[in-house]
Every structure is written in structure tokens, then in C-alpha cells.
Amino acid sequence: NAGVTQTPKFQVLKTGQSMTLQCAQDMNHEYMSWYRQDPGMGLRLIHYSVGAGITDQGEVPNGYNVSRSTTEDFPLRLLSAAPSQTSVYFCASSYRDGYGYTFGSGTRLTVV
Amino acid sequence: DAKTTQPPSMDCAEGRAANLPCNHSTISGNEYVYWYRQIHSQGPQYIIHGLKNNETNEMASLIITEDRKSSTLILPHATLRDTAVYYCIVRADAGNNRKLIWGLGTSLAVNP
């Protein structure tokens, strides 16, 4: 099993550009989520989904959109990149909410 | 969500037990204690979780005090590969209170 796959691993964007961070899992997990990790801070939840067709906001949702059309995929869209969105982004999934999460290896995004 | 307090750093000799403490004095009755670790810049890895009974798996043991205000993660025979940041998190297992509140964790250095 591949687990949770995130692409790309690295990305540099210019301010104002948009892009989609991809996340896919092959474990038939219902719950998926996106976090960002910044130096000196813990992981912060951006958006999460408890199943296909259902999404909700986390702590820091502004500037990000998500959708969950299939169980396997949970893409994160940056609508208009800003330097404040420079961060490491992690996608996580679990069998259902409350079980241990499996994390992807992260996407390192720099906005210049 | 209840907050947790962990020492910022600890050292442990290779082959010895590593005991990582966590204080969660404001934990509620329905909140679980979760432990994750993050090796270098990889995605966090789930270790173990529990409600009030002690738990053990192939990675570690979790000891929760009777009043549930603190817990200890035990790595019985630490190896160099256990060098990582260890996060203790409490959260409810149901309802709208789904998000994990991540602190800065304990940076464990296992020394040869």
C-alpha cells in the first residue's frame, strides 16, 4: 500500500498565483484533513472531510478551498497565493475520525 | 480542547527506556490522549492513544495516571531512529470537537 501520497513535494509560487496540492490515499479511509506546519508552531488544521461530499473548516481555512468528490482524493486549492502561505503542508487520513491518522510526507511551499 | 504541557527537550541513552511526560490537567472525561512523533521533516507518525487504561503496542506503552491529569509515553529500548519530536495531544472522540490541538512537543535525542 502506498498510504497517503502528496504531490508535489516542493513548489515555489509567485504572489497571486493559484495552485492545487494533491492528496490521495489508498486505504479506503473516510476521514481526511489538511494541516500546515510553520516554524515555532504546532500543526494547524486547515480543512477536513469526514467522507466523500462532506468538508468543513478547521482553524486556519482562509485562502484555501477543498473538495472531496471521491473517498481517495482530497485536494487543497490555494486561490491567490500570499507569502503568509509559505509553509509545509501535510495531508492526513484515518479509518474514521478518532482513529490514528496516517500522514503524507508533506509539500514544502514557498510563495515569493 | 484541553491543552497539554511537555518538556521542550529530553535526552536518552541508546538501549535505555525513554519516558516522555505530558501534563493535561484540564482533560475532560471524554477526551483521549494521543501520541504522535515527527522524525526530522517527515509527516507525523501515530504511536498510540488511550482513554484511561494503560495501553501497549509494538511501538510504545502509554501510562495514564488514575486522575488522568498526566501521562507518560514509554519507549522501552530507545534506538537512534527514535530521535524525533514527540507530540502529546488530547481530544474528544466525537462531536464537533474533532480537531487535534498540536503543541510544540518534546524533542527527544537518543544518544549512542
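Anything mentioned here points back to the structure above.
Thresholds applied
Residues numbered from 1 in each chain as written. Chains lettered and ligands numbered in written order. Predicted model: local features only at pLDDT ≥ 70, side-chain atom pairs only at ≥ 80, totals over all residues. Heavy atoms only, no water. Disulfide = S-S within 2.5 Å. Helix = DSSP H or I, 4+ residues; strand = E, 2+ residues; numbered from the N terminus. Buried < 20%, exposed > 50% of the residue type's maximum accessible area, 1.4 Å probe, protein only.

**Considering the state of the cysteines**
What the rule picks out here adds up to 2 disulfides over all chains. Across the disulfide from Cys23 of chain A sits Cys91 of chain A; the S-S distance is 1.8 Å. On the S-S bond that ties Cys23 of chain A to Cys91 of chain A, the torsion sits near -70°, and the link is left-handed. Taken together, the residues span a long stretch of sequence, with Cys23 of chain A in strand E3 (residues 19–25) and Cys91 of chain A in strand E9 (residues 87–94) at a distance of 68 residues. Note on accessibility: Cys23 of chain A and Cys91 of chain A belong to one class, buried. Each sulfur in the disulfide pair Cys22 of chain B and Cys88 of chain B lies 2.1 Å from the other. Torsion about the S-S bond of the Cys22 of chain B and Cys88 of chain B cystine: about -80°, corresponding to left-handed handedness. Taken together, the residues Cys22 of chain B in strand E2 (residues 18–23) and Cys88 of chain B in strand E8 (residues 84–92) connect sequence positions 66 residues apart. Relative accessible area serves as the criterion here: at 0%, Cys88 of chain B is assigned to the buried category. Considering cysteine sulfurs only, Cys22 of chain B is the nearest to Cys12 of chain B, which forms no disulfide, with 18 Å between them.

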